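# Residue-level structure breakdown
Spelled out, the chains give:
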Amino acid sequence: MTAEQKPASDYMLELGAITKSYGGNTILHGVSLRVARGEVCSIIGPSGAGKSTLLRCINLIEQPDSGNMLMDGHYFDLSQKLGKSDLMALRRKCGMVFQSFNLFPHMTVLQNITFPQRHVLGKDEDSARESALALLDRVGLKNKADSHPGQLSGGQQQRVAIARALALEPQLMLFDEPTSALDPELAHEVLEVMRELAESGMTMVVVTHAMNFARTVGSHLVVMADGAILEEGVPEEIMSNPSKERTRQFLSVVEH
Amino acid sequence: MTAEQKPASDYMLELGAITKSYGGNTILHGVSLRVARGEVCSIIGPSGAGKSTLLRCINLIEQPDSGNMLMDGHYFDLSQKLGKSDLMALRRKCGMVFQSFNLFPHMTVLQNITFPQRHVLGKDEDSARESALALLDRVGLKNKADSHPGQLSGGQQQRVAIARALALEPQLMLFDEPTSALDPELAHEVLEVMRELAESGMTMVVVTHAMNFARTVGSHLVVMADGAILEEGVPEEIMSNPSKERTRQFLSVVEH
Amino acid sequence: GGSSSGSSSDSSVTTVASGKLTVGVIDIPPFSSYNGGDPKGIDVEIIKKIAKDNNLTPVWQQATYADAVQSISSGIIDVAIGTIDATAKRKQAVDFSASTYLDGLGIAAKASKNVTTIAGLEKLGSVGTVDGYLWVEDLRTILGGKLKTYPSSVELKADFDAGRLDAAIDAYGVQVPQFKADSSIKVALANEHPDKRVRSTVQAPEAAFPFTKGNDSLGKALNDGIKSMRADGSIKKLITDAGLSEGLAKVADKQYVVPLN
Amino acid sequence: MQTPLLTSWGQYLPPLLSGLVQSVWLAVAAIVIGLPLAFLFCTMVMSKNRLIGALGLVIVEIGRGMPALVILYLVYYGLPRFGISLANVAAAIIALAWNYSCYCSEIIRAGIQSVPRGQLEAGDALGLDSRVTFLRVIVPQGLRSAIPGLLGQSILVFQDTSLAYTIAVPELMKQAYSLGGENYQYLRVFVLTGLVYAAVTLPATWITVWMERRLGKSY
Amino acid sequence: MEPVLVVLRGLPLTLLITIVSFAIGAVLGIPLVLGLRTVVAPVRWLSRLAVDLLRGVPMIVWLFVLKFGLSTPAFRLSSLEAAIFGLGLISAGYLAEIYRGGIQSVPRGQFEASQALGIAGPISFLRIIAPQAARIVSPSIATYLIGLLKNSSIASTIVVSEMVFQAQSYARQNPTIAGILPYAIAGLLYIVLSVPVAMFSRILDERLRKAVI
Ligand SMILES: Nc1ncnc2c1ncn2[C@@H]1O[C@H](COP(=O)(O)OP(=O)(O)OP(=O)(O)O)[C@@H](O)[C@H]1O
Ligand SMILES: Nc1ncnc2c1ncn2[C@@H]1O[C@H](COP(=O)(O)OP(=O)(O)OP(=O)(O)O)[C@@H](O)[C@H]1O
Ligand SMILES: [Mg+2]
Ligand SMILES: [Mg+2]
């Protein structure tokens, strides 16, 4: 057991020098990051910077090579192989939303949400159903409960994916480019749901190219390039006055 | 033969009341449009508006149900089944670039460009190779000539796709959301190539969500919704002062 | 022999390939065996003699039962050999020569079981035989579900060897060499104890050569040859040389066709 | 002189149909036994344990590598040498089921591998137990894309029941040979037999195509 | 030792039937798959029926019907010809279906891109679609080839002396030996022959999965 209960700190998430390589290729060169409770942390940066890899390391879809992590008071030594119970504890605390939605296509929208509730939280059918419907209502899709994901637009699918992640009552939500597969209008409806979520106080880490969202909703902006954090701080400040040339170059392109 | 030679007009493309339906579903309700020579015409509008369908009707990947078209002096009666020679004439005049690149994955970058030159224009190996390399140079990818598309980034692939379409020396280029599958930086490099192309005097019809491109490069903006043109005119004017509520709503979302 | 009718041959017999007798050889020793192109067996010797007497060169083709029969109907071969019995139904599709020898019903069983009669079979658990023999239907009436039928002697014997069958019923002549090396198995000729319920034991089926329907010149040649070999004892000698009982040579005067007409 | 074709077919049909019943039941039994086996072999082949994986591979490759007829002979005539003596129907079912399950195992594996990786990751991210993810998320989707292949293989196992005639199972092909041996009209008998097989396999194929098309559409 | 030699004697014919009928099927499968995909409805239905009949009637029956049903004094197939031709036709049916699957899994965009470039239908099919489809279906084709190798044994029923026929014939001519032995030998030989193809197809499959196409 590498996880121990610690007194709750102000930070929901503290990453210490996380490294990750594939084959001989080092993708993350010791990334450290602190995300405060209730904060919306946006990560931006060029393609291949390692943003997705970092997110996947946080919820341990990929096991980092070294580093440590403190999530909501649980400490993880990432250089050791983590046990099942550690993984379970971590995943109960943290939900994830993918660029390509990854809804289960063979289940209805409702089942997509109740299934993990029942198998992870051990909820019974009725209470899972009840909270699933409440969540669908929250993302504006109560009337689609019995549809299959294939019958929904991309924007609707992504909203279901958010509801599915929320169903496990996570403390932290990770988003990996949740809108970049979507048309502007559909992206907008997803960003609106995320904005409401942020307003409700959820701690969020969001990889995104939606600069407007990062500026207006985000309270913390992280710029990554080449497997490291280039700079971080208050979004408005970095956007108007980046300290690194690489950031300036990237921002000029993203904002056209 | 439904195509006849007419004296060259100021317009590269004139569409007259084009309609198209799938099954019983009418997608285009009589679209008319004129694109002047050397003009960059941007088409914007919400998902499902029929933008892609219109583009596919222009180069006749889909045969419209009715309407007519004058392209670079060739007249096409679109309510009749078009013969092979009409289709060939049309496709020699007009190149197309797709959202998903659609390069031929089993050929090298060079072969992707020389293959249609040799089979459509009947060029010999050497001259095809020479002009292909010149085009690759133009899109900044001469050094990737012998790579396979799978080895390139999305932005590089799309630039090759542009070179491939240019290889047939078209009078008109059609782009269907050429950057929406790309990360901002990669999108930027493709938009740069398109900007240069426009500056060289190519007539272009571009379906896009890149408002900055439509504003700065485009000389003509078309807003589509529900299978019809909502409004059209000078980009800056429409963007700053749309005449239709639907346009206003769409613009507010696209520009965040 | 007779007057010459073929232009390119000096045989009076019409055959598929003139001057040649194309023979389908079914592997069923000791009656016939392809033997890599140099066929051996009782039927082979009879055919060789007839071919020689009629100025025909025998051409041997390896055959299976179904393939041989259909090849005769389709005019691919002239005649098939391999202890085949004549029946009225079969005569609608092919013609049969005069009978060559008796096809006795053999019963092979553990010597300890001492089964030598049809009645003895009824006490056993399971009995196998080969499809196509004339006794199959009669046996089925008596034995019902206890009777299993196999595509050829090979499968029958394999199953008997595997111990699933208490008795194997096959042509007596086939069983004698099959089990001659195994003293624990006794092969009995059921015809020595006729049982009315199985006609083949009352009057043994007679083997004959099927040939192309309507080829009368070939029929005559076959009949003449067989009758003369029967008369001069050469068939009997072939049978005894193969180690079989000479009783098999005692073919009745009237040809036996099932059902008897 | 010759009986008219249709009259003789009329006479052949009853025994052929009784053989058909036997064939269908052999095929059904082989499928009912073979499908769970296919899952077992597939999980073995896909297992992370190298030993189990290798064992699975050997079973599957032998099952696919030998003609069904040879498997049948080995099971029926060979096993008694090791003291295992099976009834002919049982041997036929086992041989067909083995052959069938080995092919199906590969079809299922291909189906499972065609499920996008994102599904596995989503299961992980939701904290689902990896067994739950595999059984409830990956397998149902993989099976769906495997269904046309499995149906096709089931049609083939029905045709392969014809091999059971060599071990004296009175199925359709065996009835055909018996009829042919009785009246020497093999060609007529076989043409009718082919039609009887087709009467089952053609509709079955069309159902497969129809299912494929339905499954091709989204959920 | 002798049974091994006898079965080995059938090996050349087994290989000949397998290879030639596979080649016939691979070629005839092309017009069939074009028929399956044509817009001309009657041609499409006929192709469908042909493919389904070829696949739906057991090989044993096809071979018998080909050898004897087509037989007239003027035109006659020898056993070997009937076996090769019959298995070739049946393979065409199976391969046409495999081809169809491959063509369907080439992304639509590839058809549209060649159309937009004005590349003529036949060239686009041969040079753009077919090579991509071929990569997709090559594992299925390898699997089918292994199946065909084994199914060539059905030719024994119309007296083609390939391996199983040799095994059968040996068993029949030597009634005293264990009838099962030659079959076991033949079975082993089939595995020996098919394992390399299976391995090759597995490697090919993995390679193509990873391939930077
Ligand atoms: N499973 C893997 N095996 C090997 N290399 C990988 C793997 N996953 C990612 N990489 C490499 O790691 C680097 C960073 O990838 P990552 O997906 O984290 O970038 P990103 O910042 O999310 O980029 P994008 O904006 O394109 O999504 C890339 O060079 C990628 O090729
Ligand atoms: N082949 C087809 N068959 C049936 N309906 C189609 C077909 N292609 C397009 N449609 C329908 O036509 C409508 C317009 O589609 P189109 O792709 O032209 O929209 P679009 O404006 O390009 O949208 P997007 O921004 O999402 O690309 C949509 O409702 C779509 O479902
Ligand atoms: Mg990423
Ligand atoms: Mg579109």
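Within an unreviewed UniProt entry, the label attached to chain E reads Amino acid ABC transporter permease YckA1, and the organism entered is Bifidobacterium subtile. Quoted straight from UniProt, the Subcellular location (unreviewed entry) entry for chain E says "Cell membrane".

By the naming in an unreviewed UniProt entry, chain D is Amino acid ABC transporter permease YckA2, taken from Bifidobacterium subtile. Database annotation for chain D, UniProt heading Subcellular location (unreviewed entry): "Cell membrane".

A word on the overall build of chain D. Secondary structure summary: chain D contains 8 helices and 0 strands in total. When the helices and strands of chain D are read in sequence order from the N terminus, they spell out α-α-α-α-α-α-α-α. Across its three principal directions, the C-alpha atoms of chain D cover 80 × 50 × 20 Å. Burial status across chain D gives 56% buried among its 219 residues.

Counting contacts across all 6 pairs of chains that touch, the top pair turns out to be chains D and E. Regarding chain A and chain C, which are not in contact, the minimum distance between any of their C-alpha atoms is 50 Å. Here chain B and chain D are not in contact; the least distance found between their C-alpha atoms is 17 Å.

Let us look at the interface of chain D and chain E. In many analyses, interface size is given as the accessible surface area lost on bringing the parts together. Contacts between the two partners involve 36 residues from chain D and, on the opposite side, 34 residues from chain E. Interface area for chain D against chain E, summed over the two sides, is near 3,000 Å², with a carbon-plus-sulfur share of 68%. Where chain D meets chain E, there are 0 salt bridges. Across the contact surface, chain D and chain E share 6 residue pairs in polar contact (both at pLDDT 80 or more). Only helix 2 (50-65), helix 3 (68-78), helix 4 (88-113), helix 6 (130-160), helix 7 (172-183) and helix 8 (186-216) of chain D provide two or more residues apiece to the side of chain D that touches chain E. When residues in the side of chain D that touches chain E are grouped by element, the largest group, 13 residues, is from helix 8 of chain D. Here the side of chain D that touches chain E is built from residues that sort into 22 nonpolar, 8 polar and 6 charged.

Every residue lining ligand 2 is accounted for by Asp183(A), Tyr22(B), Ile27(B), Pro46(B), Ser47(B), Gly48(B), Ala49(B), Gly50(B), Lys51(B), Ser52(B), Thr53(B) and Glu177(B). Site remark: ligand 2 is flanked by residues from chains A and B. Within the backbone of Gly50(B), an N or O atom sits 2.9 Å from an oxygen atom of ligand 2. Between ligand 2 and Thr53(B) there is a distance of 2.4 Å, counted from an oxygen atom to a side-chain nitrogen or oxygen. Against a free-state accessible area of 630 Å², the protein chains account for coverage of 58% of ligand 2. If one sorts the elements of the shell around ligand 2 by residue count, helix 1 (residues 51-58) of chain B sits on top with 3 residues.

A separate point is the sheet that holds strand 6 (residues 101-102) of chain C. Residues and elements named next belong to chain C. Judged by pairing direction, the sheet is antiparallel, and its 3 strands sit side by side in the order 4-12-6 without closing on themselves. Edge positions in the sheet fall to strand 4 (84-85) and strand 6, since each of these pairs with one other strand and no more. Sheet topology places strand 4 next to strand 12 (residues 206-208); 2 bridges connect them, and they run antiparallel. Its bridge partner lying in strand 12, aspartate 85 is registered against alanine 207.

Attention now goes to the sheet that holds strand 7 (residues 172-176) of chain A. Residue and element names in this part refer to chain A. Pairing within the open sheet is mixed, and its 6 strands lie in the order 6-7-8-3-9-10. Across the chains shown, the open sheet's two edge strands, defined by having one partner strand only, are strand 6 (94-97) and strand 10 (228-233). Neighbour-to-neighbour, the strand axes of this sheet turn through a mean angle of 20°, independent of strand direction. Pairing of strand 7 with strand 8 (residues 203-207) involves 5 bridges; the strand directions are parallel. When the bridges of strand 8 are listed, leucine 172 appears paired with threonine 203.

This brings us to the interface of chain A and chain D. At the junction of the two partners, chain A supplies 25 residues and chain D supplies 18 residues. Between chain A and chain D lies a buried interface of about 1,900 Å² when both sides are counted; carbon and sulfur atoms form 65% of it. Considering only the side of chain A, the residues that lose the most area to chain D are Phe104(A), His106(A) and Phe115(A), jointly responsible for 27% of the buried surface there. Where chain A meets chain D, there are 2 salt bridges. With a shortest N-O distance of 2.9 Å, Glu121(D) and Arg56(A) are connected by a salt bridge. At the level of elements, helix 2 (84-93), strand 6, helix 3 (109-121) and helix 5 (154-166) of chain A are the ones that each hand at least two residues to the side of chain A that touches chain D. Here the element with the most residues in the side of chain A that touches chain D is helix 3 of chain A; it accounts for 4 residues.

In this section: the UniProt feature "transmembrane region" (unreviewed entry) in chain D. All names here are of chain D. As recorded in UniProt, the sites labelled "transmembrane region" (unreviewed entry) are residues 20-42, 54-76, 82-100 and 189-211. The span residues 82-100 is 68% helical and 0% strand by assignment, and the distance between its end C-alpha atoms comes to 24 Å. Between the C-alpha atoms that bound residues 189-211 there is a distance of 33 Å. The span itself is 100% helix and 0% strand.

The full set of residues close to ligand 1 is Tyr22(A), Ile27(A), Pro46(A), Ser47(A), Gly48(A), Ala49(A), Gly50(A), Lys51(A), Ser52(A), Thr53(A), Glu177(A) and Asp183(B). At a separation of 3.2 Å, an oxygen atom of ligand 1 approaches a polar side-chain atom of Glu177(A). In this structure, an oxygen atom belonging to ligand 1 sits 3.1 Å away from a side-chain N or O atom of Asp183(B). Burial of ligand 1 by the protein amounts to 58% of the accessible area it has alone, namely 630 Å².

This part takes up the environment of Leu193(E). Residue and element names in this part refer to chain E. Residue position: leucine 193 is located in helix 9 (residues 181-210). Judged by its relative accessible area of 23%, leucine 193 is partly exposed. Distance from leucine 193 to arginine 9, taken between C-alpha atoms, is 15 Å for residues 184 residues apart in sequence. Beyond its immediate stretch of four places on either side in the chain, leucine 193 contacts Leu11, Leu15, Leu149 and Met163.

Thresholds, definitions, all that
Residues numbered from 1 in each chain as written. Chains lettered and ligands numbered in written order. Predicted model: local features only at pLDDT ≥ 70, side-chain atom pairs only at ≥ 80, totals over all residues. Heavy atoms only, no water. UniProt positions renumbered as here; feature names shortened; annotations may be inferred. Helix = DSSP H or I, 4+ residues; strand = E, 2+ residues; numbered from the N terminus. Buried < 20%, exposed > 50% of the residue type's maximum accessible area, 1.4 Å probe, protein only. Contact = heavy atoms within 4.5 Å. Buried area = accessible area lost by both parts, 1.4 Å probe. Salt bridge = Lys/Arg side-chain N within 4 Å of Asp/Glu carboxyl O. Polar contact = N/O pair within 3.5 Å; in protein donor to acceptor, adjacent residues only side chain to side chain. Nonpolar A, V, L, I, M, F, W, Y, C, P; charged D, E, K, R; others polar. Near = heavy atom within 4 Å. Areas by Shrake-Rupley, 256 points an atom, 1.4 Å probe, with all protein chains shown as cover. Pairing = 2+ DSSP bridges. Axes fitted to C-alpha atoms, helices over the stretch in contact; angles between N-to-C directions.

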